[in-house]
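Working through the structure, step by step
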Amino acid sequence: MNKLKVNLDRKQINSYDIHIGEDILDRSVLIMAKNNWAKRYFVIADENVAALHGGLLCETMKRSDLKVDTIDFPAGEKSKSFSTCLEIAEKLAALGADRTSALVALGGGVTGDIAGLMASLYMRGIPCIHFPTTLLAQIDSCIGGKTGVDTAAGKNLIGTFHQPKAVFIDTAFLRTLPDREFRNGLAEMVKYALIESPELATLMEANVEKLRNRDLSFLEGLIASCCRIKKNIVEIDEKETGLRRILNFGHTVGHALEAESDYAIPHGDAVSVGMAAATRISQRLNYLSNEDADRITSFIRNMGLVERIDPGVKTDAILARLKMDKKKQGENIHFVLLKKMGMPFVNGGVPEPVVRETIEGLKHG
C-alpha cells in the first residue's frame, strides 16, 4: 500500500495521509479505529454507490467495533445542491449526530463535495474521511479539501475548504466503475500530464492497452503519481490563491459547457474539450508552438477523449457562462494556458473574440 502525506504549513492538525492500494478496505478501517477520529460515523453515499459498496464498508467498520449509519441521496450532479445538504443535515440530526461524529464520503466527486461541505458546516465542523470510488475522485477531488455545491448560475459557486482526516484510495472500486466514469478520470489524468508531467503522458501513451483493460497495478502507479502532483501543489497553495489555480486547466470552458448542458455532458468530456480549447488559445496567442499544440492534441485524441463541441450548443450561451465563472476577476476570464507541456501559467485575460473563435473552431473543425 502506497502512502503519501499532505503536509499543510503551520497547520499540522490539517495534515493527513493518502493511502493507495488494491483491496485495502480492512486495513483502512483498522487505521480509522486506531486513530479514534469519532465516536460515531455516518457514511454519505449516492443511492448507486450505497447499493454497490455501502454494505461492505459498513460491515467492515462494524467488525472493528465502529458505530456506523448510512445516509444516501439520488445519484447525479443535480444532487449537488443546498437542498440535498439540508436533507442530509436533517437526517444527521434525527440520527443523533453530534460534535463527536464524523462523516465518511463514499463515492465520486459529487459525494465528496457534498459530504465535505456538510462536514465543514454541521455543528460548525466535524471530521470527514474520504473513500473515493471513481478514478476522477481518486486522483483529484478527494485531495485538497475543496467542497461545494452548484447553483443555477454555475458549478461550485458556494463552498468551503475543509481538509479530510484521511483519504483511502482502494483501486478495487474501479472494477465496477462504468466506462463513462472511467473516462472522466482519464481526462483529469491527462490534465496532470499536461500541466506537470510530460513523462506521465509518455507512460500513458505507451500503455494504452493497460489503461483500457483497467490493469489495477498499473493504475495504482498512475494514481499515486497524480496524487503526488496534486498534494505538492496543495501544500504550496492550500486556498487556491496562486499556484493551485493551474489545476483548473481545461476547467474554464469545461465548467461552462457542463452548466450549459444542465450537466448532461459528463465532466471528463467537458474538461477534455476545455483542454483542447485552452491548447488552441495558447497556440493562437503565440504562447505554444504549433508542434507542441499538435503533440498535445494527439495525446488527447490517443486517450480516446472528446475534443469537439456539439454544434447545437450556442456559442453565446457558453460565453455568458464564462462571464459568471467563479475564477473571474473583474471583467477578465483568467484562463490556464500552456507555454509547453508541463509549463502552465494563468493568463491575465483572454480577449472575447479569441474565445469565441476558439469555441466556433471546436464546433466546426
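Residues numbered from 1 in each chain as written. Predicted model: local features only at pLDDT ≥ 70, side-chain atom pairs only at ≥ 80, totals over all residues. Heavy atoms only, no water.

Within the protein chain one finds 14 helices and 11 strands. In summary, the protein chain has a C-alpha radius of gyration of 20 Å against a globular reference of 21 Å for 365 residues, a match within 12%. The principal-axis extent of the C-alpha atoms belonging to the protein chain is close to 60 × 40 × 40 Å. Counting all 365 residues of the protein chain, 58% fall into the buried class. Partitioning the contacts of the protein chain with sequence separation of at least 6, the portion at a separation of at least 24 is 76%. Accessible area of the protein chain: about 15200 Å², with a carbon and sulfur share of 49%. (Helix = DSSP H or I, 4+ residues; strand = E, 2+ residues; numbered from the N terminus. Rg over C-alpha atoms; globule rule 2.2 N^0.38 Å. Buried < 20%, exposed > 50% of the residue type's maximum accessible area, 1.4 Å probe, protein only. Contact = heavy atoms within 4.5 Å. Areas by Shrake-Rupley, 256 points an atom, 1.4 Å probe, with all protein chains shown as cover.)

In a regular helix each residue adds 1.5 Å, so 18 residues correspond to 26 Å; helix H11 (residues 267-284) covers 25 Å between its end C-alpha atoms and thus fits that length. Taken across its 18 residues, H11 has 15 buried, putting it largely inside the fold. One or two positions beyond H11, positive phi appears at asparagine 286, with a value near 65°. (Expected span 1.5 Å × (residues − 1).)

A separate point is the pattern of salt bridges. Tallied over the full model, the rule gives 25 salt bridges. Note that lysine 191 is salt-bridged to glutamate 188, the shortest N-O span being 3.0 Å. Taken together, the residues span about one helical turn, with lysine 191 and glutamate 188 both in helix H6 (residues 179-195) at a distance of 3 residues. Of the two residues, lysine 191 and glutamate 188, both sit in the buried class. Glutamate 209 is paired through a salt bridge with arginine 212; the nearest N and O atoms lie 3.2 Å apart. Taken together, the positions of glutamate 209 and arginine 212, both in helix H8 (residues 208-212) and 3 residues apart, correspond to about one turn of that helix. When salt bridges with common partners are traced through the structure, they connect Glu77, Lys80, Asp113 and Asp150 into a single cluster. (Salt bridge = Lys/Arg side-chain N within 4 Å of Asp/Glu carboxyl O.)

Glancing now at the sheet that holds strand S3 (residues 40-46). The strand order S1-S2-S9-S6-S5-S3-S4 describes an open sheet built from 7 strands, whose pairing is mixed. Where the open sheet ends on each side, the last strands, each with one partner, are strand S1 (2-6) and strand S4 (68-73). The sheet shows a mean angle of 20° between the axes of neighbouring strands, taken without regard to direction. Taken together, the 5 bridges between S3 and strand S5 (residues 101-107) define a ladder with parallel strand orientation. (Pairing = 2+ DSSP bridges. Axes fitted to C-alpha atoms, helices over the stretch in contact; angles between N-to-C directions.)

Right, let's talk about the packing of aromatic side chains for a bit. Scanning all chains against the criterion turns up 2 aromatic pairs. With 5.1 Å between their ring centres and 25° between their planes, phenylalanine 131 and phenylalanine 168 make a pair best called stacked. Of the two residues, phenylalanine 131 sits in strand S6 (residues 128-132) while phenylalanine 168 sits in strand S9 (residues 166-170), which places them 37 residues apart along the sequence. Phenylalanine 168 matches phenylalanine 131 in its accessibility class, with the two residues each being buried. Ring centres of tyrosine 287 and phenylalanine 345 lie 4.7 Å apart, and the angle between their planes is 70°; this geometry places the pair in the edge-to-face category. A residue pair is termed long-range when its members are at least 10 positions apart, and tyrosine 287 in the loop between H11 and helix H12 (290-302) and phenylalanine 345 in strand S11 (residues 343-346) qualify at 58 residues. We classify tyrosine 287 as partly exposed; its relative accessible area is 33%. A relative accessible area of 18% means that phenylalanine 345 is categorised as buried. If you follow lysine 339 out to its NZ or CZ, it ends over the ring of phenylalanine 345, 5.2 Å from the centre. (Phe/Tyr/Trp six-rings, centres within 6.5 Å; stacked < 30°, edge-to-face > 60°. Lys NZ or Arg CZ within 6 Å of the ring centre and 35° of its normal.)

The next point concerns the side chain of serine 272. One can find serine 272 in helix H11. Those residues within four positions of serine 272 in sequence are excluded, and the remaining contacts are Ala187, Ile300, Leu305 and Val306.

Moving on to the packing of helix H10 (residues 251-260) against H11. Direction vectors running N to C along H10 and H11 enclose 135°, while the axes themselves pass 7 Å from each other. On the basis of their axis angle, the class for H10 and H11 is oblique. Crossing geometry of H10 relative to H11 is assigned as right-handed. For the pair H10 and H11, contact is made by His251, Val253, Gly254, His255, Leu257 and Glu258 and by His267, Ala270, Val271, Val273, Gly274 and Ala277, respectively. A per-class count over the contact of H10 with H11 returns 6 nonpolar, 5 polar and 1 charged. (Parallel < 35°, antiparallel > 145°, perpendicular 65-115°, else oblique. Left-handed = near helix turned anticlockwise from the far one by under 90°. Nonpolar A, V, L, I, M, F, W, Y, C, P; charged D, E, K, R; others polar.)

Okay, the packing of helix H7 (residues 198-206) against H12 next. Packed helix pairs are characterised by how far apart their axes lie and by the angle those axes make with each other. Axis separation between H7 and H12 bottoms out at 10 Å; the angle between their running directions is 40°. If you check the angle between H7 and H12, you find them oblique. By crossing handedness, the relation of H7 to H12 is classed as left-handed. Along the contact surface, H7 presents Ala201, Thr202, Met204 and Glu205, while H12 presents Arg295, Ser298, Phe299 and Asn302. Considered class by class, the residues forming the contact of H7 with H12 number 3 nonpolar, 3 polar and 2 charged.

Take the nonpolar core next. Grouped burial of nonpolar side chains is what soluble globular proteins tend to show. Ile18, Val190, Met204, Ile223 and Met303 are the most contacted members of the largest nonpolar core, which totals 77 residues. Here this core takes 11 residues from helix H9 (residues 216-236), the largest share from any one element. Discounting chain neighbours no more than four positions away, the residues touching isoleucine 223 are Ile20, Leu135, Gln138, Ile139, Ile169, Thr171 and Leu174. Residues Tyr41, Ala50, Leu57 and Val104 belong to the second largest nonpolar core, which totals 23 residues. (Core = buried A, V, L, I, M, F, W, Y, C linked by side-chain atoms within 4.5 Å.)

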